[in-house]
Amino acid sequence: MDVSEPASISSGIAQRYATAIFEISRDNKDLGSLEAGVDALAAALDDSADLRDLIQSPVYSRDAQGKAMAALADKMSLPVVLKNSLGLMAEKRRLFVLPQLIAQLRDLIAAEKGEVTAEVTSAKALTKTQETKLSKVLSAQVGKGVKLNTAVDESLIGGLIVKVGSKMIDTSVKSKLSALQNAMKEVG
């Protein structure tokens, strides 16, 4: 069996749901609330181990997953199309693709707005000023608006890892130390 097969299946499922949700929201001229809902859902997924367990564990019944997602959607005031889609995904046992769905929706929304998304990993959380400056520099390089998705990885020690499309810039202290260590191994 091809190792990439399960990942491509998940990606395909997420792509179909994302396309449907996006097109309905675009037709209803409701992309702003969809974007806010997707961002809120992504934050909840990042912050809650219980939510990650709920969407991945086969222990929870379809009904339990559906009720939990409906309650979450109501609490977060998610757009109706997103709420209904989460319910359908629970009914069909497809909630495990939620992280891919969020990524696909973000890509579709960014493409509609003429933006690209940059994945930024830093050793400590960036301030709003730093995010604004980084976004401006990346926008000048790419020639489009850039939306940042930030993450923190303290193991980087310092610096940033920035991914825009297929390009990656790694200025982290961790990678520089690793390169120095490899250079020293070659000498000795």
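Just so it is clear, the structure is predicted and the values come from calculations on it, not from any experiment.

K.L.:
Describe the packing of helix α2 (residues 31-47) against helix α6 (residues 98-113), listing the residues and the values that go with them.
P.N.:
Relative orientation of the contacting elements α2 and α6 amounts to 145°, with a least axis distance of 10 Å. Between α2 and α6 lies a crossing whose hand is left-handed. In this structure, α2 contributes Leu31, Leu34, Glu35, Val38, Asp39, Leu41, Ala42 and Leu45 to the contact, and α6 contributes Leu98, Pro99, Ile102, Leu105, Arg106, Ile109, Glu112 and Lys113. In terms of residue class, the contact of α2 with α6 is made up of eleven nonpolar, no polar and five charged.

K.L.:
Break down the pairing of strand β4 (residues 167-170) for me, citing the residues and quoting the values.
P.N.:
As judged from the four bridges shared by strand β3 (residues 160-164) and β4, these two strands associate in the antiparallel manner. Within the sheet, the bridge partner assigned to Val162 lies in β4 and is Ile169. Taken together, β3 and the strand that follows it, β4, pair antiparallel across an intervening segment of two residues, in which Gly165 is found at a positive phi of about 60°.

K.L.:
Describe the environment of Ala43, and please don't skip the residues or the numbers.
P.N.:
Along the chain, the position of Ala43 falls in helix α2. Since its relative accessible area comes to 35%, Ala43 is described here as partly exposed. As for Ala43 and Leu148, which are separated by 105 residues in sequence, their C-alpha atoms are 14 Å apart.

K.L.:
I'd like a rundown of the side chain of Asn149, residues and numbers included.
P.N.:
By the element assignment, Asn149 lies in strand β2 (residues 145-152). Among the polar contacts made by the side chain of Asn149, one reaches the side chain of Glu119 at a distance of 3.2 Å. The contact partners of Asn149, leaving out residues within four places of it in the chain, are Arg106, Thr117, Ala118, Glu119 and Val120.

K.L.:
Tell me about helix α4 (residues 62-76), and please be specific about residues and values.
P.N.:
An α-helix turns once every 3.6 residues. As a result, residues three or four positions apart point the same way. Compared with an ideal rise of 1.5 Å per residue, which puts 15 residues at 21 Å, α4 spans 21 Å between its outermost C-alpha atoms and is within 8% of the ideal. Of the positions making up α4, those classed as buried are Gln65, Gly66, Met69 and Ala73. Angular distribution of buried residues about the axis of α4 spans 100°; they occupy a single face of the element. In α4, the exposed positions angled more than 90 degrees off the buried face are occupied by Lys67 and Lys75. Buried residues along α4 sit in contact with α3 (49-56), α5 (80-91) and α6.

K.L.:
Can you explain unusual backbone geometry? Please cite residues and give values.
P.N.:
Even without glycine at this site, Ser77 takes up a positive phi of about 55°. Tracing the backbone through its elements, the reader meets Ser77 in the loop between α4 and α5. The backbone of Ile157 sits at a positive phi, close to 70°, despite the residue not being glycine. As for its placement among the helices and strands, Ile157 is situated in the loop between β2 and β3.

K.L.:
Can you tell me about the nonpolar core, naming the residues and giving the values?
P.N.:
It is characteristic of soluble globular proteins that their nonpolar side chains tend to be buried jointly. Leu34, Leu82, Leu86, Leu98, Leu101 and Leu105 are the most contacted members of the largest nonpolar core, which totals 31 residues. When residues of this core are traced back to their parent elements, those giving at least two are α1 (5-27), α2, α3, α4, α5 and α6. Counting residues in each nonpolar core, the second largest holds ten residues, with Val120, Leu134, Val146 and Val164 among its members.

K.L.:
Any chance you could break down the sheet that holds β2 for me, citing the residues and the numbers?
P.N.:
Spatial strand order, β2-β1-β3-β4: four strands in an open sheet with mixed pairing. Each edge of the sheet is formed by a strand with only one pairing partner; in this case those strands are β2 and β4. When strand polarity is set aside, the average angle formed by the axes of neighbouring strands in this sheet is 20°. Across eight bridges, the pairing between strand β1 (residues 115-122) and β2 is parallel. Its bridge partner lying in β2, Val120 is registered against Thr150. This element, α6, spans β1 and β2 of the sheet and lies at about 130° to β1.

Conventions used here
- Every chain is numbered on its own, with residues counted from 1 as its sequence reads.
- Side-chain atom pairs in this predicted model are given and counted only at pLDDT of 80 or more, local residue features only at pLDDT of at least 70, and totals for whole chains, interfaces and linings cover all residues.
- As a rule here, side-chain values cover all heavy atoms of the structure and leave hydrogens and water aside.
- Fitted lines through C-alpha atoms serve as axes, helices being fitted only where they are in contact, and the angles separating the N-to-C directions of these axes extend from 0 to 180 degrees.
- Working definition: helices are DSSP H or I runs of at least four residues, strands are E runs of at least two. Numbering for both runs from the N terminus.
- In this scheme the handedness of a crossing depends on how the near helix is turned from the far one: anticlockwise by less than a right angle means left-handed, clockwise means right-handed.
- Here, residues are in contact when the closest pair of their heavy atoms is within 4.5 Å.
- Side-chain classes are defined by residue name, with Ala, Val, Leu, Ile, Met, Phe, Trp, Tyr, Cys and Pro counting as nonpolar, Asp, Glu, Lys and Arg as charged, and the others, Gly among them, as polar.
- Note: two strands are recorded as paired if DSSP finds a minimum of 2 bridges between them.
- Working definition: with a 1.4 Å probe on protein chains only, accessible area under 20% of the residue-type maximum means buried, over 50% means exposed, and in between means partly exposed.
- Identification of polar contacts relies on pairs of N or O atoms within 3.5 Å, with a donor-acceptor requirement for protein atoms, meaning one able to donate a hydrogen and the other able to accept it, and with residues adjacent in sequence counted only if both atoms are side-chain atoms.
- By this rule the span expected of a helix is its residue count minus one, scaled by 1.5 Å.
- For this quantity, the arc is that covered by the directions from the helix axis to the C-beta atoms.
- Residues grouped as a nonpolar core are buried Ala, Val, Leu, Ile, Met, Phe, Trp, Tyr and Cys residues, joined through side-chain atoms within 4.5 Å.

Read these as layout, nothing more, since geometry by itself doesn't imply function.
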